[in-house]
Amino acid sequence: MTHFLHNTRQMALFLAGLGTSLGGLYTLFPQWAVENLNQLTYHSSDTIFIQHWGFMVLMVGCSFFIAMVRSTWIQPLFCIALIEKLFFISLVLSNANQSFVDGFWLSMVMDSIICAYIAVYLWFCRTTSDLTS
């Protein structure tokens with residue numbers, strides 16, 4: 001399994017970086033992203049929060065790309081991303097009966113797949129040399 005994880009690590013980092021970086025759309029185009037990606041009514045009073053959240057998600061996504069060339073980033077990034085993404089998943093699931101969650105299911109599925117990969121990677125590659133080689 002460790003061999004499989006090392007062989008798929010670069011692709012996993014790239015796909016996680018790409019999917020997560022798409023959150024940057026909330027920073028650049030907050031109204032478009034809220035209305036089209038989340039199917040929610042845009043309220044201009046929420047712009048600062050939406051853009052801030054989008055930028056934080058963009059930075060996590062960019063960190064996945066950096067980890068592709070800096071293997072020492074993988075373990076800390078995976079730990080931080082796992083916490084962040086599990087919290088997002090828990091928010092979506094805990095509000096599943098609310099209509100405003102409808103636009104977040106696809107992001108939650110993507111984050112669930114990323115979390116599963118990260119958890120398996122961290123479990124099977126527990127030694128420092130396995131995580132950074």
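The numbering scheme is per chain: residues are counted from 1 as the chain's sequence reads. Where local features are concerned, this predicted model is filtered to residues with pLDDT of at least 70; where side-chain atom pairs are given and counted, the filter is 80 or more; whole-chain, interface and lining totals use all residues. Heavy atoms from the whole structure form the basis of all side-chain values; hydrogens and water molecules are not counted.

### Digging into the environment of leucine 5
Thought 1: The helix and strand labels rest on DSSP assignments: H or I over at least four residues marks a helix, E over at least two residues marks a strand, and numbering proceeds from the N terminus. In this structure, leucine 5 sits in helix α1 (residues 2-21).
Thought 2: Note: C-alpha distance between leucine 5 and valine 120 (115 residues apart in sequence) is 8.4 Å.
Thought 3: Look past the residues within four positions of leucine 5 in its chain and what remains in contact with it is Tyr117, Val120, Tyr121, Phe124 and Cys125. Any pair of residues with heavy atoms lying within 4.5 Å of one another is described as a contacting pair.

### What to know about a nonpolar patch on the surface
Thought 1: Side chains of Met1, Phe4, Trp123 and Phe124 sit close together on the surface and give an oily, nonpolar patch of about 480 Å² of accessible area.
Thought 2: The topology assignment puts methionine 1 in the segment before α1.
Thought 3: You can call methionine 1 exposed: its relative accessible area is 51%. Surface patches are defined over residues having more than 30% relative accessible area and no salt bridge, joining like charges when they lie within 9 Å and nonpolar side chains (Val, Leu, Ile, Met, Phe, Trp, Tyr) when within 5 Å. Areas reported here follow the Shrake-Rupley algorithm with a probe of radius 1.4 Å; residue values treat only the protein chains shown as occluding. By convention in these notes, a salt bridge is any Lys or Arg side-chain nitrogen within 4 Å of a carboxyl oxygen on Asp or Glu. Classification of residues uses two cut-offs on accessible area relative to the type maximum, computed with a 1.4 Å probe and protein chains only: under 20% is buried, over 50% is exposed, and between them is partly exposed.

### Details of the packing of α1 against helix α6 (residues 105-124)
Thought 1: For the pair α1 and α6, the least separation of the axes is 11 Å and the interaxial angle reads 150°. The angle between the axes of α1 and α6 places the two elements in the roughly antiparallel class. The crossing of α1 and α6 is left-handed. For the pair α1 and α6, contact is made by Thr2, Leu5, His6, Thr8, Arg9, Ala12, Ala16, Gly19 and Thr20 and by Met110, Ile114, Tyr117, Val120, Tyr121 and Phe124, respectively. Comment: axis = line fitted to C-alpha atoms, over the contacting stretch for helices; angle = value between 0 and 180 degrees taken between N-to-C directions. An angle below 35 degrees is read as roughly parallel, one above 145 as roughly antiparallel, one from 65 to 115 as roughly perpendicular, and any other as oblique. Crossing handedness follows the turn of the near helix against the far one: under a right angle anticlockwise gives a left-handed crossing, and clockwise gives a right-handed one.

### Things to note about the pattern of salt bridges
Thought 1: Overall, the coordinates contain two salt bridges when judged by the stated rule.
Thought 2: For the salt bridge of lysine 85 with glutamate 84, the shortest nitrogen-to-oxygen distance reads 4.0 Å.
Thought 3: Judged by its relative accessible area of 27%, glutamate 84 falls in the partly exposed class.
Thought 4: Of the charged contacts in the structure, one is a salt bridge between aspartate 111 and lysine 85, with a shortest N-O distance of 3.0 Å. One end of the pair, aspartate 111, is in helix α6; the other, lysine 85, is in helix α5 (residues 74-94), and 26 residues separate them in sequence.
Thought 5: Several salt bridges converge on common partners, so that one network encompasses Glu84, Lys85 and Asp111.

### Observations regarding the packing of helix α4 (residues 47-67) against α5
Angle between the axes and distance between the axes are the two parameters that describe a pair of packed helices.
Thought 1: Direction vectors running N to C along α4 and α5 enclose 155°, while the axes themselves pass 10 Å from each other. The angle between α4 and α5 falls in the class roughly antiparallel. Between α4 and α5 lies a crossing whose hand is left-handed. Every residue of α5 that contacts α4 at Val60, Ser63, Phe64 and Ala67 is listed here: Ile74, Leu77, Phe78, Ala81 and Lys85.
Thought 2: Only Asp, Glu, Lys and Arg are considered charged in this grouping, and only Ala, Val, Leu, Ile, Met, Phe, Trp, Tyr, Cys and Pro are considered nonpolar; every other residue, Gly among them, is considered polar. Of the residues assigned to the contact of α4 with α5, the class counts are seven nonpolar, one polar and one charged.

### Notes on the packing of aromatic side chains
Thought 1: Centres within 6.5 Å make a pair out of two Phe, Tyr or Trp rings, where for Trp the six-membered ring is used; the pair is then stacked when the planes are under 30 degrees apart, edge-to-face when over 60, and tilted otherwise. Applying the stated criterion across every chain, the model contains six aromatic pairs.
Thought 2: Seen from their ring centres, tyrosine 117 and tyrosine 121 are 6.2 Å apart, and the 25° between their planes marks the pair as stacked. In this pair, tyrosine 117 and tyrosine 121 are both assigned in helix α6, four residues apart and thus about one turn of the helix distant. The pair formed by tyrosine 117 and tyrosine 121 is uniform in burial state, with each residue classed as buried.
Thought 3: Among the aromatic residues, those joined into a ring-pair cluster are Phe64, Phe78, Tyr117 and Tyr121.

### Considering α6
Thought 1: Under the convention used throughout, the expected extent of a helix is 1.5 Å for every residue step, that is, one less than its residue count. Taking 1.5 Å as the rise per residue, α6 with 20 residues should run 28 Å; its terminal C-alpha atoms sit 29 Å apart, in good agreement.
Thought 2: Among all positions in α6, only Met108, Asp111, Ile114, Cys115, Tyr117, Ile118, Tyr121 and Leu122 are buried.

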